[in-house]
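# Survey of secondary and tertiary structure
One letter stands for each residue in the lines below.
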Amino acid sequence: MQQTSPHLALEVRGLAHRYSGGRGVTEVSIGVPRGSITGFIGVNGAGKSTTLRCVLGLLSPHAGEIRLFGGPADAARRRRVGFLPEERGLFARDRARDVIAFNARLKGMERKAALAAADRLLGRIGLGGRERARIETLSKGNAQRVQLLCALAHGPELLVLDEPLSGLDPIAQSEILSLFAEFRAGGGAILFSTHSMAAAEAICDRVVILSNGRTVFEGAVAEAAALAPHGAIVVTDDDAGLIAAADAVGGRTLPLGRTTVRLGAATRWQVALPQDVTPPVLMRALSERSVPIFAFEPIRQDLEGAFWSLTRAPDAARAPDRRAA
Ligand SMILES: Nc1ncnc2c1ncn2[C@@H]1O[C@H](COP(=O)(O)OP(=O)(O)OP(=O)(O)O)[C@@H](O)[C@H]1O
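- In the nomenclature of an unreviewed UniProt entry, the chain corresponds to ATP-binding cassette domain-containing protein from the organism Brevundimonas naejangsanensis.
- Taken directly from UniProt, the Sequence similarities (unreviewed entry) text for the chain runs: "Belongs to the ABC transporter superfamily."

So this is what it looks like as structure tokens:
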């Protein structure tokens, strides 16, 4: 890494970690500015957890560099990070207050201050009065919130959270998102992995999109959304007809996979259209050629549209994308 940016709480460049089977991550780059929330998105197996484990020092990188708060990722700097692992690990018999305070003390906090922080945070999420409740008596959502508080209690400057929203109902999710917003308002930085585009779009300042172990996009949410193709998703069993109709209106086709329809199998196509060609024009070209259409859906120009386009592009698995910072 040539230059360190002092405003970055976390900077990952060219990270690689290969497991013995050959899988893992090959070229991940991430920048998380202080006072901001960065969403880390990718399909199952893209490499999110592997990356986060390297950031936390639980796995050793085989290449690349990780910097925290403008310096090397050493033990002292890692104490300033709060981590929520993918595997939730609270013991059923643990008491909410004790387990939060215990985690804060592991990061060097003094006992009295750790207990006070646990009480304050439990009150903040509506569990005041249940400080002595055992984890086994809490709902799944509340147990997960307690686990998140374990990452927060010692007053970290950076939160690294692996799927903090998974398994939570919409109300619990929005409470967690408001905790995130509060943490950011206090100058904290968050990197969180998620499969929820809606959550990423609602709260993130930036997103990092991972595909096959590589960063394929890093930047503002609005910049990502602008990369969504203009066009439509079409399901048909007449591939040649689809390609001819798309060609006739200046569109580009990308097969997204096979799917089952009422009378057998068909192909799901992404058709990217020139900006001045609307989806109804494509629809007309298809019906002029009597192409059977099982589904036709204009692509939304949002984060989800960009995500599918960036991660399904045929070259997403190979060349480092110029769109990645
Ligand atoms: N302990 C391991 N040993 C071998 N291969 C692994 C191991 N952990 C993960 N992998 C492989 O490394 C790749 C990246 O996995 P990783 O768990 O980091 O992805 P992910 O984006 O976090 O996925 P998910 O969203 O499902 O949690 C996958 O191909 C996975 O099968």
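### With respect to the overall build of the chain
- Along the chain, the regular secondary structure elements total 11 helices and 14 strands.
- Judged by the C-alpha coordinates and their principal axes, the chain covers about 75 × 45 × 40 Å.
- Here the chain holds 325 residues, and the buried ones make up 39% of them.
- In the chain, once contacts between residues fewer than 6 apart in sequence are set aside, the share between residues at least 24 apart is 73%.

### Thoughts on the pairing of strand β13 (residues 264–272)
- Pairing geometry for strand β11 (residues 231–236) and β13, over 6 bridges, is antiparallel. Each residue of the ladder has a partner; that of G231, found in β13, is A272.
- Pairing of strand β12 (residues 252–261) with β13, which is carried by 9 bridges, proceeds in the antiparallel orientation. Residue T253 lies in a different strand from β13, and its bridge partner there is V271.
- Hairpin connection of β12 to β13: 2 residues between the antiparallel strands.

### Here we look at the site of the ligand
- Y19, N44, K48, S49 and T50 are the nearest of the 13 residues found near the ligand.
- Sort the elements by how many residues they give to the shell around the ligand and helix α1 (residues 48–55) lands first, with 3 residues.
- For the shell around the ligand, the residue count by class is 2 nonpolar, 8 polar and 3 charged.

### Digging into the UniProt feature "domain: ABC transporter" (unreviewed entry) in the chain
- Within this numbering scheme, the UniProt entry marks residues 10–237 as carrying the feature "domain: ABC transporter" (unreviewed entry).
- Across residues 10–237, the secondary structure splits into 34% helix and 29% strand, with the terminal C-alpha atoms separated by 47 Å.

### Notes on the nonpolar core
- Among the nonpolar cores identified, the biggest contains 85 residues, and L10, I100, A153 and I209 are the most heavily contacted of them.
- With 6 residues, the single largest contributor to this core is helix α5 (residues 140–152).
- What L10 contacts, discounting residues up to four positions off in sequence, is I30, V32, V55, L68, L158, A189 and L191.

### Let's talk about α1
- A large share of α1 lies buried, amounting to 6 of its 8 residues.
- All of the buried residues in α1 are K48, T50, T51, L52, C54 and V55.

### A closer look at helix α9 (residues 239–248)
- Of all the residues in α9, the buried ones are L242, A245 and A246. One face of α9 carries all of its buried residues, which in axial projection span an arc of 100 degrees. With respect to the buried face of α9, the exposed residues turned more than 90 degrees away are A240 and D247.
- Buried-residue contacts for α9 involve β11, β12, β13 and α10 (279–288).
- Looking at the residues trailing α9, positive phi occurs at G250, about 80 degrees.

### Some remarks on the domain arrangement of the chain
- When cut into domains, the chain gives domain 1 (8–225) and domain 2 (231–299).
- Summarising the inter-unit geometry, the C-alpha centres of domain 1 and domain 2 are found 40 Å apart.

### Side note on the environment of H17
- Relative to the elements of secondary structure, H17 occurs in strand β1 (residues 8–18).
- On the basis of neighbour count, H17 is assigned to the buried category, with 21 C-beta atoms found within 10 Å.
- Between the alpha carbons of H17 and H230 there is a distance of 36 Å; along the sequence they are 213 residues apart.
- Filtering out sequence-adjacent residues up to four positions away, H17 remains in contact with G24, V25, T50, C54, L59, P61 and H62.

Calculation rules
Residues numbered from 1 in each chain as written. Predicted model: local features only at pLDDT ≥ 70, side-chain atom pairs only at ≥ 80, totals over all residues. UniProt positions renumbered as here; feature names shortened; annotations may be inferred. Helix = DSSP H or I, 4+ residues; strand = E, 2+ residues; numbered from the N terminus. Buried ≥ 20, exposed ≤ 12 C-beta atoms within 10 Å, placed from the backbone. Contact = placed C-beta atoms within 7 Å. Pairing = 2+ DSSP bridges. Near = placed C-beta within 6 Å. Nonpolar A, V, L, I, M, F, W, Y, C, P; charged D, E, K, R; others polar. Core = buried A, V, L, I, M, F, W, Y, C linked by C-beta atoms within 7 Å. Arc of directions from axis to C-beta. Domains from an automatic or database assignment.

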